Structure formats: structure tokens, C-alpha cells
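# Structure assessment
So the chains spell out like this:
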Amino acid sequence: MISKIIVHADGGSRNNPGAAAIGILILDEEKKKLESYKECIGNATNNVAEYKALLKALQLAAKHTRKEVHIFMDSELIINQMNGIYKIKSPEMLELFQQVKDYERTFTKVIYNYVPRENKFQAMVDKLVNEALEGI
């Protein structure tokens, strides 16, 4: 098991709400790829897709470590909600937030970071989302 991993996650939908997908990239500390993942998740809003990507990212991360996980996403909303900066009003979003918080207990430490869409690793997960959506 690795002591620290880096995870980039993204979710998106076409027509918001509409066909939605998630993309995840798991890297070791040297930024070497350990795993990538893409999946269509049915119809959802962009924000729900982002939360589902985050939840799946934590589930996949647990295969590689139980210690420290650094999550990177291009959704300021989700990152700020996970860091307690923004409140959550939607019951559906609150339920997904709680699922993520529950799953966090699997790890010693989870750190949430905002990263712009232009970041090369974030661009890779965005591409995974689009590939999954094009495969429908």
C-alpha cells in the first residue's frame, strides 16, 4: 500500500441535467498513473455528476492506500462544499456530500484542492468524461 496518492476527478452532463459521466485518474506521489476510470452514470446534473465522481474516486483510492489522499477537481462548488466554505442547500447534494464524508473515514487524511480545468491531469479526466459520453 502507498502512503499518499493524488486523485483527479471530474463529472459532467450534457444538457444539465442530461446524460452524465465521470472520469477519474489516480496517481502516486511521483505522478505516475496507477489507475484511470470512466463511466456513464445515467441522467444527472453537472453537480451530481461531480459528487458521484468524487465518491467513486474515493472508492478507487481505497484500493491503493488507506492513508493520505489528495483530491483535485475543477468544481469550485464541490471543493468549497467539501472544505466547509459553502453551505449545501439541495437535499440531493446534501445526501451525496454525506456519503463522501462517510467514506472519508476509510483514510487517515483527505485533502480537497481546486485545480483549473487547464491543469494537464484535470484535462485528462475531462477527456475521460467526454469519451464515456461519446460511447453512449
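Above this text you will find the structure in question.
Conventions we followed
- Each chain carries its own residue numbering, running from 1 in the direction its sequence is written.
- Reporting of local features is limited, given that this is a predicted model, to residues whose pLDDT is at least 70; pairs of side-chain atoms are given and counted only at 80 or more, and all residues count toward the totals for whole chains, interfaces and linings.
- Only hydrogens and water are set aside; all other atoms, that is, all heavy atoms of the structure, feed into the side-chain values.
- Lines fitted to C-alpha atoms define the axes here, with helix axes fitted over just the stretch in contact, and angles between the N-to-C directions of these axes take values from 0 to 180 degrees.
- Think of it this way: any DSSP run of H or I at least four residues long counts as a helix, any run of E at least two long counts as a strand, and we number them from the N terminus.
- Convention used here: angles under 35 degrees read as roughly parallel, angles over 145 as roughly antiparallel, angles from 65 to 115 as roughly perpendicular, and any remaining angle as oblique.
- Take the far helix as the reference: if the near one is turned anticlockwise from it by less than a right angle, the crossing is left-handed, and if turned clockwise, right-handed.
- Pairs of residues are marked as contacts when any of their non-hydrogen atoms sit within 4.5 Å.
- Residue type decides the class: Asp, Glu, Lys and Arg count as charged, Ala, Val, Leu, Ile, Met, Phe, Trp, Tyr, Cys and Pro as nonpolar, and the leftover types, Gly among them, as polar.
- Definition used in this section: a nonpolar core is a set of buried Ala, Val, Leu, Ile, Met, Phe, Trp, Tyr and Cys residues joined via side-chain atoms within 4.5 Å.
- Residue exposure (1.4 Å probe, protein chains only): buried if accessible area is under 20% of the type maximum, exposed if over 50%, otherwise partly exposed.
- Definition of a polar contact: a pair of N or O atoms within 3.5 Å, with one able to donate and the other able to accept a hydrogen when the atoms are protein atoms, and with sequence-neighbouring residues admitted only if both atoms are side-chain atoms.
- Salt bridges are identified by distance alone: a Lys or Arg side-chain nitrogen within 4 Å of an Asp or Glu carboxyl oxygen.
- If DSSP finds at least two bridges between two strands, the strands pair.

### A few points about the packing of helix α1 (residues 46-61) against helix α3 (residues 91-104)
- In the contact formed by α1 and α3, the axes pass within 10 Å of each other and the chain directions differ by 15°. Taken together, α1 and α3 sit at an angle that is classed as roughly parallel. Where α1 crosses over α3, the two elements pack in a sense that is left-handed. Note on element contacts: α3 touches α1 through Glu92, Met93, Leu96, Phe97, Gln99, Val100 and Tyr103, opposite Asn47, Val48, Tyr51, Lys52, Leu54, Leu55, Leu58 and Gln59.
- Among the residues making up the contact of α1 with α3, the classes are represented as 10 nonpolar, three polar and two charged.

### Re the nonpolar core
- In this structure, Val7, Tyr51, Leu54, Val69, Ile71 and Tyr112 are the most contacted members of the largest nonpolar core, which totals 33 residues.
- Looking at this core, the elements with two or more residues in it are β1 (4-13), β2 (18-27), α1, β4 (68-73), α2 (76-82), α3 and β5 (109-114).
- If one sorts the elements of this core by residue count, α1 sits on top with 10 residues.
- One finds Ile6, Leu25, Leu27 and Val125 within the second-largest nonpolar core, a separate group that totals six residues.

### Quick look at unusual backbone geometry
- Pro17 follows Asn16 through a cis peptide bond whose omega is 5°.
- Topologically, Pro17 is positioned in the loop between β1 and β2.
- A positive phi is found at Asn16, a non-glycine position, where the angle reads about 35°.
- If you trace the backbone, Asn16 turns up in the loop between β1 and β2.

### Some remarks on the side chain of Gln122
- With respect to the element layout, Gln122 can be found in helix α4 (residues 120-134).
- At a separation of 2.9 Å, a polar atom in the side chain of Gln122 contacts the side chain of His8.
- Not counting the four nearest positions on each side in its chain, Gln122 is found in contact with His8, Ala9, Asp10, Phe72, Met73, Asp74, Val115, Pro116 and Arg117.

### Let's talk about the pattern of salt bridges
- Applying the stated criterion across every chain yields a total of seven salt bridges.
- For Arg105, the salt bridge is made with Asp102, and the minimal N-O distance between the two is 3.4 Å.
- A relative accessible area of 65% means that Arg105 is categorised as exposed.
- Classification of Asp102 as partly exposed rests on a relative accessible area of 37%.
- A salt bridge links Glu131 to Lys127, with the shortest nitrogen-to-oxygen separation between them at 3.5 Å.

### Structural notes on the pairing of β2
- Within β2, nine of the 10 residues are buried, leaving the element largely enclosed by the surrounding structure.
- By the bridge criterion, eight bridges tie β1 to β2 in an arrangement that is antiparallel. Each bridged residue has a counterpart across the sheet, and for Ser13 the counterpart in β2 is Ala20.
- Connecting the antiparallel pair β1 and β2 is a turn made up of four residues, with Asn15 showing a positive phi of about 80°.
- Note: β2 against strand β3 (residues 33-44), 10 bridges, orientation antiparallel.

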